[in-house]
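Chain by chain, the residues run as shown.
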Amino acid sequence: MPFRRCVGCGSSKEKGELVRFVARDGRLTLDPTGKGSLHGRGVYICPDIECVKRALKKHRKKAIFSVALRECVAVPELEELWQIIEEQKLTRGRYDRGEKRK
Ligand SMILES: [Zn+2]
């Protein structure tokens, strides 16, 4: 199981424990399955509000996401970004259950 580093707290965790984002049309975009369904360089973060807060504070103007993705991306505000992650926790559960049935 590959490990990835969270941009918030900096700890390495299994990919499956982290939320994955990619750059799409200059915007930070959630990978809905968290499993590389959107190709390209990804940035990973724990599904934890404290990590999201840290990532947004770090390196001024949310640049840490642009650095990690190696391109300039527009990053949502904390409330919006957290809502996206919360919603993904629910949809990802459905993906996981769907995959197990196959
Ligand atoms: Zn973290």
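Since this is a predicted model, take the numbers as computed values, not measurements. Starting from 1, residues in each chain are numbered consecutively following that chain's sequence as written. Confidence filtering applies because this is a predicted model: local features only for residues at pLDDT of at least 70, side-chain atom pairs given and counted only at 80 or more, and all residues used for totals across whole chains, interfaces and linings. The side-chain figures draw on all heavy atoms in the structure; neither hydrogens nor water molecules are used.

A. Structural detail: the sheet that holds strand β3 (residues 19-24). Only strands joined by at least two bridges in the DSSP assignment are considered to pair. Note on conventions: DSSP H or I runs of at least 4 residues are helices, E runs of at least 2 residues are strands, and numbering of each starts at the N terminus. Strand order in the open sheet formed by 3 strands is β4-β3-β5, with antiparallel pairing between adjacent strands. Of all the strands in the sheet, just β4 (27-30) and β5 (42-45) have a single pairing partner and so form its edges. Adjacent strand axes in the sheet meet at a mean angle of 35 degrees, parallel and antiparallel pairs treated alike. Both β3 and β5 contribute to a ladder of 4 bridges, which runs antiparallel. Within β5, the position partnered with Arg-20 by the bridge is Tyr-44. The axes used here are C-alpha line fits, helices contributing only the stretch in contact, and every angle between their N-to-C directions lies in the interval 0 to 180 degrees.

B. A look at unusual backbone geometry. Positioned with a positive phi, Asp-25 is a non-glycine residue whose angle comes to about 55 degrees. Burial classes: relative accessible area under 20% of the type maximum marks a residue as buried, over 50% as exposed, and values in between as partly exposed (1.4 Å probe, protein chains only). Given a relative accessible area of 81%, Asp-25 falls into the exposed group. One non-glycine residue, Arg-70, lies in the positive phi region at around 60 degrees. The residue Arg-70 is located in the loop between α2 (63-69) and α3 (78-101) in this model. Judged by its relative accessible area of 65%, Arg-70 falls in the exposed class.

C. Layout of the coordination of the zinc ion. All of the protein donors around the zinc ion are Cys-6 (SG), Cys-9 (SG), Cys-46 (SG) and Cys-51 (SG); their distances to the metal are 2.3 Å. Metal sites are built from N, O and S donor atoms within 2.8 Å, or 3.2 Å for Na, K and Ca, and they leave out water, so they may look incomplete. Angle rules define the geometry names used: all angles between 85 and 135 degrees makes four donors tetrahedral, while opposite donors over 155 degrees apart and all other angles between 65 and 115 make four donors square planar and six octahedral, leaving every other case irregular. Around the zinc ion, the 4 donor atoms sit at angles spanning 100 to 114 degrees, and that spread fits a shape best called tetrahedral. One chain supplies every donor to the zinc ion, and in sequence these donors are spaced C-x2-C-x36-C-x4-C. With Cys-9 in the loop between β1 (3-5) and β2 (12-14) and Cys-46 in the loop between β5 and α1 (49-57), this pair connects stretches of sequence that are 37 residues apart. Judged by relative accessible area, Cys-9 falls into the partly exposed class, the value being 29%. Cys-46 sits in the buried class, given a relative accessible area of 4%.

D. Geometry of the side chain of Arg-20. Tracing the backbone shows Arg-20 in strand β3. In this structure Arg-20 comes out as buried when scored by relative accessible area, which is 5%. Two N or O atoms form a polar contact when they lie within 3.5 Å of each other; inside protein one atom must be a possible hydrogen donor and the other a possible acceptor, and for residues adjacent in sequence the pair counts only when both atoms belong to side chains. Of note is the side chain of Arg-20, whose polar atom sits 2.7 Å from the backbone oxygen of Leu-38. A polar side-chain atom of Arg-20 sits 2.8 Å from the main-chain carbonyl oxygen of Gly-40.

E. Spatial organisation of the pattern of salt bridges. The term salt bridge refers to a pairing of a side-chain nitrogen on Lys or Arg with a carboxyl oxygen on Asp or Glu at a separation within 4 Å. Counted according to the given criterion, the structure contains 2 salt bridges. With a closest N to O distance of 2.7 Å, Arg-20 and Asp-31 form a salt bridge. Taken together, the positions of Arg-20 in strand β3 and Asp-31 in the loop between β4 and β5 put the pair 11 residues apart, joining distant regions of the chain. The same class applies to Arg-20 as to Asp-31, namely buried.

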